[in-house]
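# Coordinate inspection notes
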2 protein chains.
Amino acid sequence: MANCSAARVASHAAPAPPAPDPTTTVRSGVVRADISFDHLGERSVEIAYEAQGSAAAPATIVLGGISAGRHLAPTAADPSPGWWPGVVGDGAALDPARQQLIGIDYLGGDTEDGLLRPVTTHDQARALAAVLDHLGIAAASFAGASYGGMVALAFAELFPARVARLVILCAAHRTHPMATAIRSVQRSAAQLGADTGQAGRGLALARALAMTTYRSTQEFEQRFDPGPLGVGEPGEPPTRFPVEDYLNARGADFITRFDTERFLALSESIDLHRTDPASLLPHALLVSFDTDSLVPPWLVDELAARSGRSHEHVTVPSLFGHDAFLKEVGAVATLLKTGTPEVVR
Amino acid sequence: MANCSAARVASHAAPAPPAPDPTTTVRSGVVRADISFDHLGERSVEIAYEAQGSAAAPATIVLGGISAGRHLAPTAADPSPGWWPGVVGDGAALDPARQQLIGIDYLGGDTEDGLLRPVTTHDQARALAAVLDHLGIAAASFAGASYGGMVALAFAELFPARVARLVILCAAHRTHPMATAIRSVQRSAAQLGADTGQAGRGLALARALAMTTYRSTQEFEQRFDPGPLGVGEPGEPPTRFPVEDYLNARGADFITRFDTERFLALSESIDLHRTDPASLLPHALLVSFDTDSLVPPWLVDELAARSGRSHEHVTVPSLFGHDAFLKEVGAVATLLKTGTPEVVR
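Residues numbered from 1 in each chain as written. Chains lettered and ligands numbered in written order. Predicted model: local features only at pLDDT ≥ 70, side-chain atom pairs only at ≥ 80, totals over all residues. Heavy atoms only, no water.

This next bit is on the overall build of chain A. From N to C terminus, chain A includes 11 helices and 10 strands. Computed over C-alpha atoms, the radius of gyration of chain A comes to 20 Å, within 12% of the 20 Å expected from 2.2 N^0.38 for 345 residues, which places it in the range of a compact globule. Judged by the C-alpha coordinates and their principal axes, chain A covers about 75 × 40 × 40 Å. Out of the 345 residues belonging to chain A, those deemed buried represent 63%. Long-range pairs, those at least 24 residues apart, make up 72% of the contacts in chain A with a sequence separation of at least 6. Element-wise, carbon and sulfur atoms account for 52% of the exposed surface of chain A, whose accessible area totals about 12000 Å². If the 27 positive side-chain charges of chain A are averaged to one point and the 38 negative ones to another, these points end up 4 Å apart. (Helix = DSSP H or I, 4+ residues; strand = E, 2+ residues; numbered from the N terminus. Rg over C-alpha atoms; globule rule 2.2 N^0.38 Å. Buried < 20%, exposed > 50% of the residue type's maximum accessible area, 1.4 Å probe, protein only. Contact = heavy atoms within 4.5 Å. Areas by Shrake-Rupley, 256 points an atom, 1.4 Å probe, with all protein chains shown as cover. Lys, Arg positive; Asp, Glu negative; His and termini not counted. Charge placed at Lys NZ, Arg CZ, Asp CG, Glu CD.)

Take helix H6 (residues 242-254) of chain A next. Counted at 1.5 Å a residue, the expected span for H6(A) with its 13 residues is 18 Å, and the 19 Å between its end C-alpha atoms agrees. Every buried residue of H6(A) is listed here: Pro242(A), Val243(A), Glu244(A), Tyr246(A), Leu247(A), Gly251(A) and Phe254(A). Structurally, H6(A) contributes buried residues whose contacts are with helix H4 (199-214), helix H5 (217-223) and helix H7 (260-272) of chain A together with helix H3 (177-195) of chain B. (Expected span 1.5 Å × (residues − 1).)

With that settled, consider the domain arrangement of chain A. All names here are of chain A. For chain A, the assigned domains are domain 1 (3-174 + 274-338) and domain 2 (178-214 + 225-268). Taken together, the contact between domain 1 and domain 2 spans 21 residues of the former and 16 residues of the latter. Note on domain 1 versus domain 2: buried area summed over both sides is about 1500 Å², and carbon and sulfur give 54% of it. At the surface where domain 1 touches domain 2, the tally comes to 1 salt bridge. Across the salt bridge formed by Glu268 and Arg117, the nearest N and O atoms sit 3.2 Å from each other. (Domains from an automatic or database assignment. Buried area = accessible area lost by both parts, 1.4 Å probe. Salt bridge = Lys/Arg side-chain N within 4 Å of Asp/Glu carboxyl O.)

As a further point, take the relation of the copies chain B and chain A. Overlaying chain B with chain A gives an RMSD of 0.0 Å, the required rotation being 180° about an axis along which the chain moves by 0.0 Å. Interpreted geometrically, this transformation is the action of a two-fold axis. For chain B, the smallest separation between a C-alpha atom and the rotation axis is recorded for Thr196(B), amounting to 3.0 Å. The residues that chain B uses at the interface reappear at the interface of chain A in 100% of cases, marking a shared surface. (Least-squares fit on C-alpha atoms with pLDDT ≥ 70 in both.)

This part covers the sheet that holds strand E8 (residues 163-169) of chain A. Residue and element names in this part refer to chain A. With respect to topology, 8 strands assemble into an open sheet ordered E1-E2-E4-E3-E7-E8-E9-E10, the strand pairing being mixed. The two strands at the open ends of the sheet, each matched to only one other strand, are strand E1 (26-37) and strand E10 (312-316). Across the sheet, the axes of successive neighbouring strands diverge by a mean angle of 20°, strand direction being ignored. Judged from the 4 bridges that link them, E8 and strand E9 (residues 284-289) form a sheet pairing that is parallel. Counterpart to Val167 in the pairing with E9 is Leu285. Seen against the sheet, helix H8 (residues 297-306) touches E9 and E10 and runs at an angle of roughly 160° to E9. (Pairing = 2+ DSSP bridges. Axes fitted to C-alpha atoms, helices over the stretch in contact; angles between N-to-C directions.)

All names here are of chain B. In spatial order, the strands read E1-E2-E4-E3-E7-E8-E9-E10; together these 8 strands make up an open sheet with mixed pairing. The open sheet has two free edges, formed respectively by strand E1 (26-37) and strand E10 (312-316), since each of these has just one partner strand. The average angle at which neighbouring strand axes cross in this sheet is 20°, direction not considered. Relative to strand E7 (residues 140-145), strand E3 (residues 59-63) is paired through 4 bridges, and the arrangement is parallel. When the bridges of E7 are listed, Thr60 appears paired with Ser141. Together, E1, strand E2 (41-52), E3, strand E4 (100-104) and E7 form the strand contacts of helix H1 (residues 121-135), whose direction differs from that of E1 by roughly 130°.

Moving on, we get to the pattern of salt bridges. Under the criterion given, the structure shown has 40 salt bridges over all chains. Between Arg126(A) and Asp123(A) there is a salt bridge, with the nearest N and O atoms lying 2.9 Å from each other. Linking Arg126(A) with Asp123(A), this pair stays in helix H1 (residues 121-135), spanning 3 residues, or about one helical turn. Among the ionic pairs, Asp323(B) bridges to Arg215(B), the shortest N-O distance being 2.8 Å. Placement of Asp323(B) in the loop between E10 and helix H9 (324-327) and of Arg215(B) in the loop between helix H4 (199-214) and helix H5 (217-223) is noted, with a sequence separation of 108 residues between them. Given a relative accessible area of 11%, Arg215(B) falls into the buried group.

Before going further, it helps to spend a moment on unusual backbone geometry. Residues and elements named next belong to chain A. For the bond from Arg117 to Pro118, the omega torsion is 0°, close enough to zero to count as cis. Mapped onto the fold, Pro118 is located in the loop between strand E6 (114-116) and H1. Within the chain, Ser146 stands out as a residue other than glycine whose phi angle is a positive 60°. Structurally, Ser146 is set in the loop between strand E7 (140-145) and helix H2 (147-158).

Right, let's talk about the interface of chain B and chain A for a bit. Chain B puts 54 residues into the contact, and the matching count from chain A is 54 residues. For the pairing of chain B and chain A, the buried interface totals around 4300 Å² over both sides, and the portion due to carbon and sulfur atoms is 69%. Joining chain B to chain A, the criterion identifies 4 salt bridges. One salt bridge connects Glu221(B) with Arg174(A), and the closest N-O pair in it is separated by 2.5 Å. Secondary structure elements with two or more residues in the side of chain B that touches chain A: H3, H4, H5, helix H6 (242-254), helix H7 (260-272) and helix H8 (297-306) of chain B. By residue number, the principal contributor to the side of chain B that touches chain A is H3(B), which donates 14 residues. Within the side of chain B that touches chain A, the residues separate by chemical class into 24 nonpolar, 17 polar and 13 charged. (Nonpolar A, V, L, I, M, F, W, Y, C, P; charged D, E, K, R; others polar.)

Here's what the structure looks like:
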């Protein structure tokens, strides 16, 4: 099934492309593959993918946070927005008219293939390799942000020959204990809900807490009035604050598209993530944001320093913390275009 | 009952002291007082206090975080440590041999006087005034940290004539929305536990989360290995991380000395805290710590700037975030001694 020519990938490391293959613009589906998991043994699992753009065009894998998925931009069959609007789409930095853009749904949680947990970023990388095999892609470029950046780093460690170019945003070779601390509390909240018949409430609470780590103190200070919406007098509902309403709304939204087991698996997967900095490929662009407390610039500096190679690490000023990869569309597009010309050609 | 002479207080604003009154070294008990609460109307409540040192010595009110209380240092009757070891005690910066040191238990929660919530820092200040009346103290100096600093600011706003000197650590005139956000999640976690028959688990979770805001990213990075203690294979307990064990231990300890209603009341009280910066007294020393994310230096700068007066604001470098007032004993003692000679004479 695999067309293992690296030819479809634009890269100084890859050979010349083959004759164009006029396929449909969008290919999506499910790949069934045997994956050798780090902790689950050999398992047959399904991996959902969506590829936009000509199969003859250079391939770029586009990977986002734990709540991102295979759908990268609106298509005729699925006009809903992708998870990275402004960065992926017609005329954008990652443009399906010029590249083949590939997304997957991450493995993890209570699936038809059984409970997938613990699952690691290396497991996700193996799943991704199976999708590339299925699509006949030998090697590809990567634009990976947050959890997707970790998966891209894990992929580069496992399959260096299949990586043409890496752009890693808001991700590093490891987590740091404060970030793990807050995620562990999120998992405990989700578990408390699940154990007491209040799964939605627990998961919403976990997401509310996560939101505090995706944004910055500075943004919240500018955005929310610090005073209460109204003080809960005795016998009334408790006092509510503007920022609390925002967090609760984000939590309520999250539970319409996530469940506890999947959240637990992917949250834990973040904290289990480790790659050897020495495995970082030579032509990687590392991007961090100055207000990102989850993946602070110093952690990305550590990755670059320990890689033993000279790496470009760009720290972009932003108000938006970890979510800057979603919010700083202009800066991200510029970096993808000029910092990594291979990705956008 | 009140001896409203300001004479027992060492202050350039107070008149000369009266003849010494040879009382016992420790006076403790419960004051019953009618308090006009901000949201609860007129209520008769009990306020527990402990005063160490001669009643003839200058009085200093010592107020700490929401889990601090009236017991400031070991006494013959209660040899257990106080909540501010190294700062309060024989030979320390706040020394009962040289001053009368007064602590109270904060109001709030499900008490014998009914459910006290919402309770404000101004309510605590009114309770404190009742204790001072009972002890016959017209005016006193204040060393207030964290929630205690907020209460001291509220006291100074309500009773400026009764304040000789203010030293405020890790507190400001208001909260900021990111801190409120994380406390609101704590309250939701405690409430989820209480609503589902798992009050202890919910409260421990709230405290675990609070601990992440009391310390700094830098400290956790130095202190905890980022890797898991062991990966929870399928069918086993979930993966645990060193920092998670620490947080869980702190949570388990907390629920032996706190209950949900009290936590909810005091946590909410923090977020309801507001004082007019213009009410800040002229001779106040403001102390912040550079890694304190709950009360960051910029927020204390705002208080000083908006007070309309020149105020001394000292920002101390520390690894310990908000908890630096408990951990940086040397710096705190020096500030209490040299920055505020009136407090220690």
